[in-house]
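# Structural features, examined
Here are the chains, one letter per residue:
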Amino acid sequence: KKNQRLLELRGSSSSLVAGERVTLNVAMHLSGIATSTALLVTKLSGSNVKLADTRKTTPGLRIFEKYAFHCGGGINHRLGLDDAAMLKENHIEWSKGISESINILKQTIPWTKKIIVEAETPTQAKAAVEAGADGVLLDEMSIQTIEKLVPELRQLSKASNSKYVSQSVVIEVSGINPNNISDYIFTGIDLISTSAPITQSKWIDLSMRFS
């Protein structure tokens, strides 16, 4: 709230003034991220859909920004490239296809790692589930397409007898307009990933005063 005291600092005046601007800048930026995240999480309340962040972060501040996102009620996605094997559009283009890529990954990555496929079409999403992806990210698809596709993906993960198929595939959506986030509550998805709270949030105005 306005004029609310958040914390009290003690030390020499020269030290406090020297660190004032950097400290305030970071605190204002991270507070804005947490606030923006909390507002989006509120729009998803009453549903099982979780809000996740992305790797679109400020160089050098990733851990801090992701922590602020978590403080706002969101959950963290990958911290780095080694957190999971994620096949994006370029990987798919450079490889021999989704199925072949997943087969290779399953033979080379540690068993503790998850495989996630970013799908730009329903065909890609189905191929990913059939090949045994742990998660499928539906990128920039319309709500109508998602509503139709999600039950099909769930059925594929249950019906296939392949030992490579995940029985609890995580379905994620990205590339959405944050203003319309509540429209996705009843689509049957698990996650919505967005960079908006980190890349577009407004800084919260904080100041340091001697008393």
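A brief report on the enclosed structure follows. (Residues numbered from 1 in each chain as written. Predicted model: local features only at pLDDT ≥ 70, side-chain atom pairs only at ≥ 80, totals over all residues. Heavy atoms only, no water.)

Attention now moves to the nonpolar core. Leu138, Ile189 and Ile192 are the most contacted members of the largest nonpolar core, which totals 40 residues. With five residues, the top contributor of residues to this core is helix 6 (residues 143-159). With residues up to four places along the chain from it excluded, the contact list for Leu138 reads Ala119, Ala125, Ile146, Leu149, Leu153, Ile171, Glu172, Val173 and Ser174. (Core = buried A, V, L, I, M, F, W, Y, C linked by side-chain atoms within 4.5 Å. Buried < 20%, exposed > 50% of the residue type's maximum accessible area, 1.4 Å probe, protein only. Helix = DSSP H or I, 4+ residues; strand = E, 2+ residues; numbered from the N terminus. Contact = heavy atoms within 4.5 Å.)

Residues that lie three or four places apart on an α-helix share one face, since the helix turns once every 3.6 residues. Ile98, Ser101, Ile102 and Leu105 are the residues of helix 4 (residues 98-108) that are buried. Looking straight down helix 4, one finds that the buried residues subtend no more than 95 degrees of arc, so they occupy a single side. (Arc of directions from axis to C-beta.)

With that settled, the discussion passes to the environment of Val129. Mapped onto the elements, Val129 comes out in helix 5 (residues 122-131). Sequence-wise, Val129 and Ser195 are 66 residues apart; in three dimensions their C-alpha atoms are separated by 25 Å.

Turning to the pairing of strand 5 (residues 170-174), a few remarks are in order. Taking burial as the measure, the five residues of strand 5 include four buried ones, the bulk of the element. The pairing of strand 4 (residues 135-139) with strand 5 spans five bridges and is parallel. The residue of strand 5 that forms the bridge with Val136 is Ile171. Here strand 5 runs beside strand 6 (residues 191-193); their pairing, made up of two bridges, is parallel. Considered in strand 6, the bridge of Glu172 is made with Leu191. (Pairing = 2+ DSSP bridges.)

Moving on: the pattern of salt bridges. One pass over the structure, following the stated rule, counts seven salt bridges. A salt bridge links Glu118 to Lys88, with the shortest nitrogen-to-oxygen separation between them at 2.8 Å. Placement of the pair is Glu118 in strand 3 (residues 115-119) and Lys88 in the loop between strand 2 (85-87) and helix 3 (89-94), with a sequence separation of 30 residues. Judged by relative accessible area, which is 6%, Glu118 ranks as buried. A salt bridge links Glu152 to Lys148, with the shortest nitrogen-to-oxygen separation between them at 3.0 Å. Residue Glu152 and its partner Lys148 are located together in helix 6, separated by four residues, close to a single helical turn. According to the relative accessible area criterion, Glu152 is partly exposed, its value standing at 26%. By relative accessible area, Lys148 is classed as exposed at 56%. The structure contains a network of salt bridges with shared partners spanning Arg5, Glu8 and Arg10. (Salt bridge = Lys/Arg side-chain N within 4 Å of Asp/Glu carboxyl O.)

Looking now at the packing of helix 1 (residues 13-43) against helix 2 (residues 62-71). Two elements in contact, helix 1 and helix 2, have axes whose closest approach is 7 Å; the angle formed by their N-to-C orientations is 35 degrees. At the point where helix 1 passes helix 2, the crossing takes the right-handed sense. Residues His29, Leu30, Ile33, Ala34 and Thr37 of helix 1 form the contact with helix 2, whose participating residues are Phe64, Glu65, Ala68 and Phe69. When its residues are assigned to classes, the contact of helix 1 with helix 2 shows six nonpolar, two polar and one charged. (Axes fitted to C-alpha atoms, helices over the stretch in contact; angles between N-to-C directions. Left-handed = near helix turned anticlockwise from the far one by under 90°. Nonpolar A, V, L, I, M, F, W, Y, C, P; charged D, E, K, R; others polar.)

Here helix 2 has its buried residues at Glu65, Lys66, Ala68 and Phe69. Along the long axis of helix 2, the arc covered by the buried residues comes to 155 degrees, so they all point the same way. Turned more than 90 degrees away from the buried face of helix 2 sit Ile63 and Tyr67, all of them exposed. On its buried side, helix 2 packs onto helix 1, strand 1 (50-52) and helix 7 (196-199).

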